[in-house]
Each structure stands twice: as C-alpha cells, then as structure tokens.
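Reading the structure
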Amino acid sequence: MQLALPALPYPYEALEPFISRATLELHHGKHHKAYVDKARTLAKEVRLADLPLELIIQQTAGQDRHRALFNNAAQAWNHAFYWRSLQPGGGGRPDGEIAARIDRDLGGYDAFAAAFAAAAMGQFGSGWAWLVQGGGKLAITTTGNADTPIAHGQVPLLALDVWEHAYYLDYQNRRADYADALIRHLISWDFANSNLARRRPSASAADRPATDRPATEPVVPGL
C-alpha cells in the first residue's frame, strides 16, 4: 500500500442505516485524509516517502524520534484496512475457512461475537479491536490510539475502529451499539477469508522458511 488516500470500496451511503453517509464523509474524507497527508509530509522529511506504507510503519515503530510519523502512517494503514473490513450486507455468521478457524480457535461464532464486542468496549479511550492470526491461531486483540498489529508481527484479518470519530455522529456515546451493529450487519467475512488465503503457503512455497515471507506482509487487497 502506498501513501495515498484510497477510495472507499463502496459508495458513502452503502453502509446505512448502520453507518451514515455523513459519518463516512467525515471519517474518510477528513480524518483518514489528514493522516495520509501528514504521514506523507513527515515521510518526505526523513526520505521514507517512496517506501510502501507497511515498511514505513515497521521502520518507525517504537522510535521516539519518529513517533509522529509512525502514528500518522499507522492510522493511514489502519483506516484503509478498516474500510475493507466492512461491506454492505455483511456481518452475521461466517462461512469458508474463517468459520472453521473461529470454531477451532475461538469457540464458535457466538463466542467470537461476544469477545469481539467486549474487546471493542474494553479498549479504554481511542483505539482498535482486531481479529488477528498469530502463531498459527486466531485471536482477538486491541491496540490503543494508532498502534497496529503489523507493528507486532501479527496478521490482521478484521478491524473495528473504536475512535469516537468512527461512531459519534450516529451513536453518540453508545459504543456498544456501534460494535454490535458492525458485528451483526457489516463485518466482511469475504475480506477475512481473503486475508487467510493470502497467508496460506502455495505449493511452490511450501518448503521455504517462514522467514522468507514477513509476518507483516501487506494484506489489504486492492489498495
């Protein structure tokens, strides 16, 4: 993914009534754009602007002198991933490989839904709830502020944005209602399955060491 604002993968009104056009216009057109613009400016100052966004994040993670660049680059990446984690007519019970993995690793869909909602509610202040793969298993985790799983060697499969600007116009302070609406009606199991498929070794790569393919390889199709 390059340092540019991606178009939404659906029209601004496509997620109504669960997320309004007004929220998406503000969230994507103002907040996401601001992160991209600031990250680009900061990356140019340290001659990193030509790198893929994932590498900028990896090279600046944990470095105090690059904290502003990391925060803006990570937020640019997180938001692009979040848009793909949603789809009109999504939510509900999954199918495909992700369904089998949720049954195996997380105790089934109902347990997943409860744990994912609890993670979204339990994240104090601004941040993100994630479905990730790490160590060969699925897990639900959270990150605060701009932090992102790709800075910690995890493979994100789905994201839920719990910064207030993601939901306040539609839900005010009712974060639980927002999380429930996305889980029930909008999360994209197609995207989660595509991310799992991208992590499955091909026949030609089956004998290559895992280190030949970094755990933080870009996983956002179409961007």
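Since the model is a prediction, treat every value here as computed from it, not as a measurement.

Observations concerning helix α7 (residues 175-185)
Of the residues making up α7, those classed as buried are Arg-175, Tyr-178, Ala-179, Ala-181, Leu-182 and Ile-183. On its buried face, α7 is in contact with α3 (67-84), α5 (109-122), β3 (155-161) and α6 (168-171).

A word on the sheet that holds strand β2 (residues 137-144)
Pairing is antiparallel in the open sheet, where three strands are placed in the order β2-β1-β3. Each edge of the sheet is formed by a strand with only one pairing partner; in this case those strands are β2 and β3. Going from strand to strand, the sheet's axes swing by 25° on average, the running direction of each strand aside. Where strand β1 (residues 127-134) and β3 come together, six bridges link them in antiparallel fashion. Bridge pairing in β3 places Trp-128 opposite Asp-161.

Comments concerning the packing of aromatic side chains
Under the definition given, this model contains eleven aromatic pairs. Ring geometry for Phe-112 against Phe-116: centres 5.2 Å apart, planes inclined by 25°, an arrangement best described as stacked. Of this pair, Phe-112 and Phe-116 both sit in helix α5, four residues apart, which is roughly one turn of that helix. For the pair shown, Phe-112 and Phe-116 are each scored as buried.

Procedures and definitions
Residues numbered from 1 in each chain as written. Predicted model: local features only at pLDDT ≥ 70, side-chain atom pairs only at ≥ 80, totals over all residues. Heavy atoms only, no water. Buried < 20%, exposed > 50% of the residue type's maximum accessible area, 1.4 Å probe, protein only. Helix = DSSP H or I, 4+ residues; strand = E, 2+ residues; numbered from the N terminus. Contact = heavy atoms within 4.5 Å. Pairing = 2+ DSSP bridges. Axes fitted to C-alpha atoms, helices over the stretch in contact; angles between N-to-C directions. Phe/Tyr/Trp six-rings, centres within 6.5 Å; stacked < 30°, edge-to-face > 60°.

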